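Fold and contact review
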Amino acid sequence: KALENEKIKRQYITYDKYQTTEDLTKQPSKITQEFFNVYGENGNSIERRFAIIDEGGKQKSVKEKGKKSNLDFSTMLADKYLPRMTFHKVREEVINGRGYFVITFEPRVPPDKLPSNDLYDRGINRSSGTIYIDMERFYPWKFDSKLTSDFSAYLLGHAEDFQIHVEQEEQFGVVVPKEVVYTIKYKVLWITTYETKTSTYGNHRDLRIPAAQDK
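Summarised in this report is the structure supplied together with it.

Here's the deal with the pairing of strand β9 (residues 140-147)
It is a general feature of regular strands that their side chains alternate between the two faces of the sheet. Note that strand β8 (residues 127-134) and β9 share seven bridges and pair antiparallel. Residue S128 lies in a different strand from β9, and its bridge partner there is K146. What sits between the antiparallel neighbours β8 and β9 is a turn of five residues, in which F138 has the positive phi angle 60°. Two strands pair when backbone bridges link them, and β9 and strand β11 (residues 157-171) are joined in this way by five bridges, in the antiparallel orientation. Of the residues in β11, the one forming a bridge with D144 is H165.

Dropping the structure here:
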């Protein structure tokens with residue numbers, strides 16, 4: 001269902017992403033801010049960075065080519081979570097007048113036996129979490145996944161934290177991301193990477209509406 005929605009979204013809906021990256025290895029933590037336009041191209045979700053906040057706190061325009069999104073939630077859910085996880089419907093909830101199926105999940109076999117191409121795969125394979133599915137439209141409304149055991153990263157590394165939070169909403173009758181929070185912590189030799197990326201979305205345009213095509 002999410003992939004069906006994704007095809008429509010990439011063809012017709014464009015919007016902006018406001019991303020804050022917090023480097024938690026610094027005291028106080030170092031924060032950077034970036035702004036992207038998100039749109040579909042040749043069936044892919046593309047992000048083009050158009051502005052940053054400099055060290056002085058001023059917004060600065062940048063001109064860059066679009067790149068394929070590194071965190072494509074619908075594809076990740078369909079290609080990585082669905083084939084690897086066991087799902088259980090644990091309850092039903094009504095939130096703000098809408099009904100949701102509450103689904104929990106965990107790896108269906110020991111993590112070392114699941115497909116693993118990179119660090120992200122290893123994190124997914126050792127994660128469990130919860131999905132809220134909209135009862136009327138059957139799209140994932142809210143998704144939370146958290147690492148349940150640490151693991152070796154690369155040849156001389158170790159990963160300790162891997163969390164993903166996704167919340168979606170409807171715009172122009174199409175489901176789009178509302179907030180994505182991604183946290184990872186791993187160490188390679190003496191170098192530690194520990195950061196949280198928080199993305200919020202706005203300025204949605206529907207290309208089926210002529211005025212939106214001029215923006």
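Some remarks on a nonpolar patch on the surface
Nonpolar side chains collect at one region of the surface, where L189, W190 and I191 lie side by side and expose about 400 Å² of accessible area between them. Among the structural elements, W190 can be located in the loop between β12 (174-188) and β13 (191-206).

What about the packing of aromatic side chains?
Tallied over the entire structure, the rule returns 14 aromatic pairs. Summarising the aromatic geometry, the rings of Y15 and Y201 are spaced 5.8 Å apart at their centres and angled 75° between planes, so their arrangement reads as edge-to-face. One end of the pair, Y15, is in strand β1 (residues 13-23); the other, Y201, is in strand β13, and 186 residues separate them in sequence. Of the two residues examined, Y15 and Y201, each falls in the buried class. Considering the side-chain rings of F101 and F138, the 6.4 Å spacing of their centres and the 20° angle between planes classify their relative orientation as stacked. Pair noted here: F101 is in strand β7 (residues 98-107) and F138 is in the loop between β8 and β9, with a separation of 37 residues, a long-range link. Members of the aromatic cluster, joined through ring pairs, are F73, Y81, F87, F105 and F143.

Here is what the cut-offs are and how they apply
All residue numbers refer to position in the chain's written sequence, counted from 1. Local features in a predicted model are, by the rule used here, given only for residues with pLDDT of at least 70; side-chain atom pairs are given and counted only at 80 or more, and totals for whole chains, interfaces and linings are based on all residues. Hydrogens are left out, water is left out, and the side-chain values use all remaining heavy atoms of the structure. Pairing between strands requires that DSSP locate at least two bridges from one strand to the other. A run of H or I in DSSP counts as a helix once it spans at least four residues, and a run of E counts as a strand once it spans at least two, with each numbered from the N terminus. Exposure above 30% relative accessible area and the lack of any salt bridge qualify a residue for a patch; like charges then connect within 9 Å, and the nonpolar side chains Val, Leu, Ile, Met, Phe, Trp and Tyr within 5 Å. Surface accessibility in these figures is a Shrake-Rupley result with a 1.4 Å probe; residues are shielded only by whichever protein chains are displayed. The salt bridge definition used is simple: a Lys or Arg side-chain nitrogen within 4 Å of an Asp or Glu carboxyl oxygen. The rule is short: rings of Phe, Tyr and Trp, with Trp giving its six-membered ring, pair when the centres are within 6.5 Å, and they are stacked under 30 degrees, edge-to-face over 60, tilted in between. Each residue is assigned to one of three classes by its accessible area relative to the maximum for its type, calculated with a 1.4 Å probe on protein chains only: buried under 20%, partly exposed between the two thresholds, exposed over 50%.

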